[in-house]
Amino acid sequence: MQRLQMCPPYLQGNVTEVLQSLHDPNIVLATLNSILSVPTAFINALVIAAILTTPRLRTPSFYLLTNLAVSDCLVGLIAQPALVAFRVAEVNENRELSCKLSNLSIALIACLSVTSLITITAISLDRYFALKSNIKYRTTVTVKRVLISITFIWIFSIIFGVYFTLFGNVKSFSIATGSFGSICLFLISVSYFRTYRMLQHHTNNQIQSHESETASNKAYRREIRRYRKTLNLMVWIVSLLFICCTPYIVMSAVVMVFGYDVSHVVTAAFIASVTAVLFNSFINPLLYLLKIRQIRKACYRLIGLK
């Protein structure tokens with residue numbers, strides 16, 4: 001099979017003119033990603049360390065959250081630096097190096113984005129199953145099984161990224177990622193809708209039995225409050241993911257329909273939308289610190305702010 005370069009189409013025509021028009025946007029994006037890469041890696045690494053060093057947080061649900069943090073941490077460690085190098089190569093109008101770095105950037109971003117999407121989907125399904133089958137959940141969803149699932153997530157994501165880098169093209173890559181993302185978002189939406197319905201049902205039962213102050217009822221109410229907080233957190237995570245990914249989805253559709261040649265502004269907007277996707281990796285750990293008290297306390301402990 002003939003290998004097809006994943007070099008961006010805008011680098012296959014009048015390269016000098018295009019790169020000159022992208023000079024300022026590339027400098028801005030390279031600077032922005034350079035600034036964000038360090039805190040993105042550090043804060044996510046802090047969250048990972050906080051979970052792994054706190055015994056009560058080493059649960060299946062938190063291991064899934066840890067995997068999301070690992071993916072986000074790698075965005076700051078390797079994906080954003082690779083993207084910065086790619087933008088610098090474009091600023092220097094080095095077409096050959098730009099194409100090579102484009103391949104590397106696409107592979108990394110594809111792998112890490114797919115990992116994040118699958119993990120968020122898994123977290124959504126995990127919360128739904130936990131609420132629906134509380135007792136069965138505790139015996140079925142174990143740490144060992146979650147770790148095995150995480151391993152398969154990474155294997156699939158790596159294969160996905162490498163395959164489209166070696167044998168794909170930009171159009172097929174956009175179609176594949178768009179289709180895969182749509183499936184994940186559908187599963188996430190369905191699981192959240194059903195989880196919300198079940199929470200409403202449990203809340204109504206709680207109201208009806210409010211007069212009874214038995215120990216079991218108190219524990220039941222605490223459990224419902226915990227599930228509601230978790231659902232609220234995941235709604236925030238998915239909402240921010242959608243906000244960060246929407247520009248990329250829109251611009252991908254634009255360039256697939258009209259091509260890069262329609263305007264240099266379109267090309268600049270498209271490459272900027274990739275940074276918007278990566279920005280999500282910086283927001284996620286801040287959300288954990290804001291919304292999850294256990295993680296916040298564990299992070300304070302690690303940095304000596306008890």
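As the structure is a computational prediction, the values presented were derived from the model and not from experiment.

Caption draft 1: Representation of the overall build of the protein chain in the model. Per the secondary structure count, the protein chain includes ten helices and zero strands. Reading the secondary structure of the protein chain in the N-to-C direction produces α-α-α-α-α-α-α-α-α-α. Taking contacts inside the protein chain between residues at least 6 apart in sequence as the whole, the part at least 24 apart equals 80%. Carbon together with sulfur atoms contributes 67% to the accessible area of the protein chain, which is approximately 15700 Å² in total.

Caption draft 2: Quick peek at the packing of helix α2 (residues 23-52) against helix α9 (residues 264-291). Across the interface, α2 lies against α9 with an axial gap of 9 Å and an inter-helix angle of 20°. With respect to α9, the element α2 is oriented roughly parallel. In terms of crossing hand, the pair formed by α2 and α9 is left-handed. Along its contact with α2, which presents Pro25, Asn26, Leu29, Leu32, Asn33, Leu36, Pro39, Thr40, Ile43, Asn44 and Val47, the element α9 presents Ala268, Ile271, Ala272, Thr275, Leu278, Phe279, Ser281, Phe282, Pro285, Leu286, Tyr288 and Leu289.

Caption draft 3: Spotlight on the side chain of Ser124. Within the fold, Ser124 resides in helix α4 (residues 95-132). Looking at Ser124, its side chain comes within polar contact range of the main-chain oxygen of Ile120, at 2.9 Å. Setting aside residues no more than four positions away along its own chain, Ser124 makes contact with Ile188, Ser191 and Tyr192.

Caption draft 4: Structural view of the UniProt feature "transmembrane region" (unreviewed entry) in the protein chain. On the UniProt side, "transmembrane region" (unreviewed entry) is annotated at positions that read residues 27-52, 64-86, 106-125, 146-167, 173-193, 231-260 and 266-290 here. When the span residues 64-86 is considered, its composition is 100% helix and 0% strand, and the gap between its end C-alpha atoms is 31 Å. End-to-end, the C-alpha atoms of residues 106-125 are 28 Å apart, and along that stretch the chain is 100% helix and 0% strand.

Caption draft 5: Up close: the confidence of the model for the protein chain. Across the protein chain, the average pLDDT comes to 81, with 82% of residues at 70 or higher. Below pLDDT 50 for its whole length, residues 1-5 participates in ten contacts with residues either more than four positions away or in separate chains.

Caption draft 6: Focus on the nonpolar core. The biggest cluster of nonpolar side chains holds 84 residues, and the ones touching the most others in it are Leu65, Ile120, Ile237, Tyr288 and Ile295. Elements supplying a minimum of two residues to this core: α2, α3 (60-91), α4, α6 (143-167), α7 (170-208), α8 (215-258), α9 and α10 (293-302). Broken down by element, this core gets its largest block of residues, 15 residues, from α4. Here Tyr288 is in contact with Val47, Leu65, Leu68, Ala69, Asp72, Ile237 and Ile295, once residues within four sequence places are set aside.

Caption draft 7: Structural detail: a nonpolar patch on the surface. Taken together, Ile148, Phe152, Ile155, Ile159 and Tyr163 make up a surface patch of nonpolar side chains, about 520 Å² in accessible area. Tracing the sequence through the fold places Ile148 in helix α6. Classification of Ile148 by relative accessible area gives partly exposed; the value is 41%.

Caption draft 8: Inspection of the packing of aromatic side chains at higher detail. Within this structure, the stated rule accounts for five aromatic pairs. On the numbers, 5.8 Å between centres and 35° between planes, the contact of Tyr248 with Phe270 is tilted. Taken together, the residues Tyr248 in helix α8 and Phe270 in helix α9 connect sequence positions 22 residues apart. Residue classification places Phe270 among the buried positions, given a relative accessible area of 10%. Put simply, the rings of Phe156, Phe160 and Phe180 touch in pairs and so form one group of aromatic residues.

Caption draft 9: Expanded view of the pattern of salt bridges. Enumeration according to the criterion identifies two salt bridges in this entry. Arg87 is paired through a salt bridge with Glu90; the nearest N and O atoms lie 3.1 Å apart. With Arg87 and Glu90 both in helix α3 and three residues apart, this pair spans about one turn of that helix. The residues Arg87 and Glu90 share a single accessibility class, namely buried. Residue Asp126 is joined to Arg127 by a salt bridge in which the shortest nitrogen-to-oxygen separation is 2.9 Å. Of the two residues, Asp126 and Arg127, neither departs from the other in class, the shared state being buried.

Caption draft 10: Structural context of the packing of α2 against α3. Where α2 contacts α3, the axes come no closer than 8 Å and their chain directions differ by 155°. Put simply, α2 runs roughly antiparallel to α3. Both α2 and α3 take part in a crossing whose hand is left-handed. Of the residues belonging to the contact of α2 with α3, the class tally is 20 nonpolar, ten polar and three charged.

Caption draft 11: Summary view of the environment of Phe164. Considering the arrangement of structural elements, one finds Phe164 in helix α6. Residue Phe164 is classed as buried on the basis of its relative accessible area, which comes to 12%. In the structure, Phe164 is positioned 57 residues away from Ala107 in sequence and 7.5 Å away in space, judged by C-alpha atoms.

Caption draft 12: Expanded view of α2. Given a rise of 1.5 Å per residue, 30 residues ought to cover 44 Å, and the 43 Å separating the end C-alpha atoms of α2 matches this to within 8%. Along its length, α2 reaches its greatest deviation from straightness, about 30°, at Leu36, and the proline Pro39 lies no more than four positions downstream.

Rules of the game
Along each chain, residues carry numbers from 1 onward, in the same order as the chain's sequence is written. The predicted origin of the model limits local features to residues at a pLDDT of at least 70 and limits the giving and counting of side-chain atom pairs to 80 or more, whereas totals for whole chains, interfaces and linings rest on all residues. Remark: hydrogens and water are excluded; side-chain values derive from all non-hydrogen atoms of the structure. Where helices and strands are cited, they refer to DSSP runs of H or I of at least four residues and of E of at least two residues respectively, numbered from the N terminus. In what follows, residue pairs with any heavy atoms lying within 4.5 Å of each other are defined as contacts. Calculation of accessible area relied on Shrake-Rupley with a 1.4 Å probe; when residues are assessed, cover is drawn exclusively from the protein chains displayed. Orientation is described by axes fitted as lines to C-alpha atoms, over the contacting stretch for helices, and by angles from 0 to 180 degrees between their N-to-C directions. The cut-offs work like this: below 35 degrees is roughly parallel, past 145 is roughly antiparallel, 65 to 115 is roughly perpendicular, and the gaps in between are oblique. Rotating anticlockwise by less than a right angle from the far helix to the near helix defines a left-handed crossing, while the corresponding clockwise rotation defines a right-handed one. The definition of a polar contact used here is a pair of N or O atoms within 3.5 Å, where within protein one atom must be able to donate a hydrogen and the other to accept one, and adjacent residues in sequence count solely through side-chain atom pairs. UniProt positions are given in the numbering used here, feature names are shortened, and annotations may be inferred rather than shown by experiment. As a per-residue measure, pLDDT reflects the predictor's confidence and takes values from 0 up to 100. Buried residues of nine kinds, namely Ala, Val, Leu, Ile, Met, Phe, Trp, Tyr and Cys, make up a nonpolar core once their side-chain atoms join them within 4.5 Å. Between buried and exposed lies partly exposed: a residue is buried under 20% and exposed over 50% of the maximum accessible area for its type, with that area taken using a 1.4 Å probe on protein chains only. Without a salt bridge and with relative accessible area above 30%, a residue can belong to a patch; like charges are then joined within 9 Å and nonpolar side chains (Val, Leu, Ile, Met, Phe, Trp, Tyr) within 5 Å. For this document, the term salt bridge refers to a Lys or Arg side-chain nitrogen within 4 Å of an Asp or Glu carboxyl oxygen. Aromatic pairs are defined between Phe, Tyr and Trp rings, using the six-membered ring for Trp, whenever the two ring centres lie within 6.5 Å; interplanar angles under 30 degrees are classed as stacked, those over 60 as edge-to-face, and all others as tilted. For this scheme, ten residues count as nonpolar: Ala, Val, Leu, Ile, Met, Phe, Trp, Tyr, Cys and Pro. Four count as charged, namely Asp, Glu, Lys and Arg, and the remainder, Gly too, count as polar. To estimate how far a helix should extend, the number of its residues minus one is multiplied by 1.5 Å. Note on bend: the value at a residue is the angle between axes fitted to the seven residues ending there and to the seven starting there.

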